[in-house]
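# Understanding the architecture of this molecule
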Amino acid sequence: MHKMMMAVLVAFAAPAMAAQPVRAEWEQPEVVAVNREPMRATFFNFESRDKALAGERSASANFVSLDGTWSFAYSPTPEARPKNFYQTGYDVSKWGSIQVPGMLQTQGYGKPIFTNIVYPFPANEPLIPHELNEVGSYRRDFNLPASWKERDVFLQIGAAGAAYYVWVNGRKVGYSEDSKLPSEFNLTPYVHAGRNTIAIEVYRWADGSYLEDQDFWRVNGIERSVFVYAENKTRLRDYKVTASHDGRFELAAEIAGKPADVTVSARVLDGDKEVLQASAAPGADRKAVLRGAVANVRAWSAETPNLYTLMVEVKDARGQLISATARKIGFRTVEIANGEVRVNGKRIMIKGVNRHEHDPHTYRVMSMESMRKDIELMKRAHVNAVRTSHYPNDPRWYDLADEYGLYIMDEANIESHGYMQLGDQAPTPEKRAAIQLGYKPHWLAAHLDRVSRMVERDKNSPSVIFWSLGNEAGTGPNFEQAAAWIRKADPTRLISYLGHGTIGEEHLPNAYVDIYAPMYDDIEKMADYAQDPAYKQPMIQCEYAHAMGNSLGNLEDYWRVIRAHRKLQGGFVWDWVDQSVFAKDEKGRTYWASGFDLNPKRGDNSVVGDGVLRSDRTPDPEYYELQKVYSPVVFEGDARSGKIEVVNRYDFRDLSHLSLAWKLERDGVQIAAGTLPAANAPAGGRQQLALPPAVADAVAKAGSGELVLTVSAAGTEGQAGWSQFVLASPAAAAQKAAWVAPQGYQLRAGKALLALDPASGLVNYSIDGKVLLKGGSPNFWRGLTDNDEGAGVDKTHKVWQTFTAQRKVRSVAVEGDSIKVLFSFGAGAAHWENVFRMRADGTLDVQASFTPLRDDLPDPLRLGLRFDMPASLNQLQWYGRGPHESYVDRKTGAALGLYAGALADQYHSYIRPQESGNKTDVRWLALSGALKVSSDVPFAFNALPFPYEDLYLRPRGTWKSSEIAPHGDGSLLIDMAQAGVGGDTGWSLDGRPHVQYRIPLQAASYRFSIAP
């Protein structure tokens, strides 16, 4: 999550004194569970092969779901909870109800809290303030069939937290914590055929909450499915698959329950064809190891997610089936070789994103539909890797990643950000170690438990290629021991962990992991690491390109450097989806809500819009930049020579599966199109392509105008990439009509009239008596983006907001065929001059020049003119980059073309109102057929159906997204320049646009025309 290293106020009290009464399990970090079953891989033992292949556990007679409506009581403190509610005679008839899965706070019980670094309670590990620790008491009945009488019965709670106790039929079963992993309990001694009663007591906070200090909504409840299931007295308890890209296969199966003579068999199917069969009997340790090999295996990778079906059967001594289970497996190998991360022997590039589990209605409860939409949008954007920030995800997510092809960095549910930051601020390493939880022995069990259980659950997913020990939790022996445990338990994957937030002017790799995964290293720092031979680990940034609000500038610049150094292998953008939720304002309008909107007394002021998607999965404009930069195919070269090169950025695939096409546009209008011969450039290679004669023929016949060639590659999976080449630039438009002479402070030609007010220096431009534009004031400011605010631009650059609003007319003059207005700002700070002329056909020529007079001014955020326009001008057409907004540092993914749309659609609804709707490299724009703005030199503009000042920064929580709607006059901002959006970070000066994307403090001018 975001990595603000500024000072925060955290109430860290001294550790608990030794002389304390016996505490509950939820205040003992050494106690992570009571009577909980050991973790196992995600699978279900079916009673038949057919059901195992279908994989629908609800179809099994051995499965009973406990999802749905439960009786529920909410208590503000542990002391106020109904202590004996688990007793079968306890009357819950007057209780409320709650849905499972579901979070308490979405169903009217308590309030959500959003906080980044600061714990949501006074930190005094391992204690929890009882007065803040809400408790949810769940109860329901369930029926078990009589056929289960001779079977063992187990309960699975998919995920709940922060900690919980379980009772069945009035008897205490056990306890567990870790709100992102399942717990299982053996209910056999507690249940009977017929009606049974289960009670679960869920605590909002527990000692484990000190390890769950992630930058997300602090909500709680039972967030994944709950069910009971029956097993034979002798059962397959767990199994581990190892399948290498060379076809080698190993299955290690563990049998549990009543001792019996059984055989474990494995069949690997390629579709319906059996390609491997093996069987073995368990040894004295009750483990069976089966080995074999698949000839001519089709390896799994994110680009080629080839899956086989594994069927595991357990049979008794007579050969009768005891159970069958099936899952998809992939044959792949992960390793470090020659200092590179390699999959199946090939170096890979991680084009990744971080992803929180979040839904705008249900918070942490994820539907299959939402997860599938996420993964399809990722694949469309050429994302090939996901970091499960910052906890193990819903098990179904890994199945989807296996199926669609995504590399997973699976992250343990460990983040003690508050203590990490406090320790990092300590003056000595010894004092740092005395603070951070990774150094404290009484936290070792909890660290190992969370890491090991994650590995055990997800060990059979081919998509998982990295294990992450956590996030922003400091360093220390607890992490080193966790890494050592993984080395022994699963040497087939790589380990990642940083243990820091953003790091200053140094590199801090950890020797006990395989990759260096810093966060928010800038381009120069990445290059320094890559070029320093002292550092051997490959770098894959665990977080970079902070996409908060209108952001993700200079992403292509990042990747130019990444592609230039073999030690750099990509990174994970922060992050995939906004964490906003739907709420209603005082007028009943829906808006994107943050924590300070829903619970202003708790949490912090974090704006929760860090994603490249809105929380409803609508792409932000920056999504298309990500899509272009991550695209596996681009075209390079001088197309005017008749030849270009296709560049293959795939790691495994050649280009034979793609079709290549071209189109030629003159001034945005297509005049010719066709296909190119198929290419077969190998992965990582390039191939020269001769453009077909039809391209040259079309160019020769095109005549004047700007000619743009677009070349693209596409396959059955969608577009793989595109590039554009300008073949001819337009000649400057010939001006035929003569200039008209000013009449006082007016210019008139036919139905066109420009009237200038000498007192304000502002103008009205009207046609046939109808005012189309008014204003023309110099504009240096913008609705500050989240990055602007995080960098303090609202303070450091405020002079430009003042100058935008306060200007002095220094002089107004009529000189020849022009009217000139000179504005001054401050006391000798800057000048701005507008020069207006009009041709006989009513075309208005505008020349504007900016002259800074002092060299101590900050860089302006924009240079341009601000106009108002009537609401009737509500349709827009433009020739420039689009169709979405673009900025000087975020325009790689915006193609040059001819676009049109409603003015109301030009604003993108960010969580917090801010700059939006800008268009770059514009040749001309037209409004409702009433007027056209054009220039010989590309310019930028914003056209919005409301006063642009609606986007200005306001205090937190006072101006919501619902406030932005068409009203009053529209705004037309015609700019010679606007600063980029930046986004290396979102909380420091590093979040500002890079220097080359800022506006230099120097004289500048531009010219454009307005025609009816």
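Just so you know, these numbers come straight off a predicted model, no measurement behind them.

Reading guide: rules and limits
- Residues numbered from 1 in each chain as written.
- Predicted model: local features only at pLDDT ≥ 70, side-chain atom pairs only at ≥ 80, totals over all residues.
- Heavy atoms only, no water.
- Helix = DSSP H or I, 4+ residues; strand = E, 2+ residues; numbered from the N terminus.
- Rg over C-alpha atoms; globule rule 2.2 N^0.38 Å.
- Buried < 20%, exposed > 50% of the residue type's maximum accessible area, 1.4 Å probe, protein only.
- Contact = heavy atoms within 4.5 Å.
- Areas by Shrake-Rupley, 256 points an atom, 1.4 Å probe, with all protein chains shown as cover.
- Lys, Arg positive; Asp, Glu negative; His and termini not counted.
- Charge placed at Lys NZ, Arg CZ, Asp CG, Glu CD.
- Core = buried A, V, L, I, M, F, W, Y, C linked by side-chain atoms within 4.5 Å.
- Pairing = 2+ DSSP bridges.
- Axes fitted to C-alpha atoms, helices over the stretch in contact; angles between N-to-C directions.
- Phe/Tyr/Trp six-rings, centres within 6.5 Å; stacked < 30°, edge-to-face > 60°.
- Lys NZ or Arg CZ within 6 Å of the ring centre and 35° of its normal.
- 1 Å grid on protein atoms, 1.4 Å probe; cavity = no way out; pocket = protein on both sides within 12 Å on 5 of 7 lines; lining within 4 Å.
- Points joined across faces, edges and corners; volume = space filled by probe spheres on them.
- Nonpolar A, V, L, I, M, F, W, Y, C, P; charged D, E, K, R; others polar.
- Domains from an automatic or database assignment.

This part is about the overall build of the protein chain. What the protein chain contains, in helices and strands, is 15 helices and 57 strands. Against the globule reference of 31 Å for 1012 residues, the protein chain gives a C-alpha radius of gyration of 32 Å, in line with a compact fold. Judged by the C-alpha coordinates and their principal axes, the protein chain covers about 105 × 65 × 55 Å. For the protein chain, with 1012 residues in total, the buried portion stands at 60%. Taking as baseline every contact in the protein chain between residues at least 6 positions apart, the subset at least 24 positions apart corresponds to 72%. Total accessible area on the protein chain stands at roughly 36700 Å², and carbon and sulfur atoms take up 50% of it. In the protein chain, 113 positive and 120 negative side-chain charges are present, and the distance between their average locations comes to 2 Å.

Another aspect to go through is the nonpolar core. Of all hydrophobic cores here, the largest spans 116 residues; its most connected members are Tyr-407, Leu-469 and Trp-576. Ignoring sequence-local partners within four residues, the contact set of Trp-576 consists of Val-353, Asn-354, Arg-355, Asp-374, Leu-377, Met-378, Val-383, Gly-611, Val-612, Leu-613 and Tyr-623. Within the second largest apolar cluster, 67 residues are counted, among which are Ile-767, Trp-800, Leu-844 and Ile-999.

The next point concerns the pairing of strand E46 (residues 770-779). Burial analysis of E46 places seven of its ten residues in the buried class, which makes it a mostly covered element. With antiparallel pairing between neighbouring strands as the criterion, strand E45 (residues 763-767) and E46 make up a hairpin whose turn holds two residues, including Asp-768 at a positive phi of roughly 55°.

What follows covers helix H4 (residues 417-424). Burial analysis of H4 places six of its eight residues in the buried class, the great majority of the element. For H4, the full list of buried residues reads His-417, Gly-418, Tyr-419, Met-420, Gln-421 and Gly-423. The inward-facing, buried residues of H4 abut helix H5 (429-435).

Our next topic: the sheet that holds strand E40 (residues 686-690). What the three strands build is an open sheet, ordered E36-E37-E40; its pairing is antiparallel. Sheet topology places strand E36 (633-636) and E40 at the edges, where each strand pairs with a single neighbour. Direction aside, neighbouring strands of the sheet carry axes that sit 30° apart on average. Relative to strand E37 (residues 643-648), E36 runs antiparallel, the two being bridged by four bridges. If you follow Glu-636 over to E37, its bridge partner there is Glu-645.

Now for the packing of aromatic side chains. This model, assessed by the stated rule, comprises 54 aromatic pairs. An angle of 65° between the planes, with centres 4.9 Å apart, marks the rings of Phe-44 and Phe-46 as edge-to-face. Taken together through their ring pairs, the aromatic side chains of Trp-26, Phe-85, Tyr-86, Tyr-90, Trp-95, Tyr-165, Trp-167, Tyr-175 and Tyr-203 make up a single cluster. The ring of Trp-722 carries Lys-628 above its face, with NZ or CZ at 4.8 Å from the centroid. One cation-aromatic arrangement involves Arg-954 over Trp-959; the distance from NZ or CZ to the ring centre is 4.0 Å.

This model, assessed by the stated rule, comprises eight cavities of 30 Å³ or more. As a volume, the largest cavity reaches approximately 150 Å³. In terms of lining, the largest cavity is formed by 18 residues, of which the most central are Arg-204, Trp-205, Glu-212, Val-219 and Arg-364. For the lining of the largest cavity, the secondary-structure elements that each account for two or more residues are strand E9 (160-161) and strand E14 (216-218). Per-class residue counts for the lining of the largest cavity are eight nonpolar, five polar and five charged. Roughly 90 Å³ of internal volume is contained in the second largest cavity. Forming the walls of the second largest cavity are 15 residues, and the residues nearest its centre are Phe-596, Ile-911, Arg-912, Gly-957 and Trp-959. Classifying every residue of the lining of the second largest cavity gives seven nonpolar, three polar and five charged. Each of two domains, domain 3 (357-629) and domain 5 (746-1011), supplies a minimum of three residues to the lining of the second largest cavity.

A large share of strand E33 (residues 568-574) lies buried, amounting to seven of its seven residues. Pairing of strand E27 (residues 350-354) with E33 involves four bridges; the strand directions are parallel. From the neighbouring strand, Gly-352 faces E33, where its bridge partner is Phe-572. In this structure, strand E32 (residues 539-546) lies alongside E33, joined through four bridges in parallel fashion. In the sheet register, His-546 faces E33, and the bridge partner there is Trp-574.

This next bit is on unusual backbone geometry. Trans is the prevailing form of peptide bonds, just as negative phi is the prevailing case for residues other than glycine. The linkage connecting Val-100 with the following residue, Pro-101, adopts the cis geometry, with an omega of 0°. The topology assignment puts Pro-101 in the loop between strand E4 (96-100) and strand E5 (102-103). Backbone torsion omega between Glu-125 and Pro-126 reads 5°, so that peptide bond is classified as cis. Turning to its location among the elements, Pro-126 is positioned in the loop between strand E6 (113-115) and strand E7 (135-144). One non-glycine residue, Asp-178, lies in positive phi territory at about 90°.

Split by domain assignment, the protein chain resolves into domain 1 (25-231), domain 2 (234-334), domain 3 (357-629), domain 4 (632-728) and domain 5 (746-1011). Placing the centre of domain 1 and that of domain 5 at their C-alpha centroids yields a distance of 56 Å.

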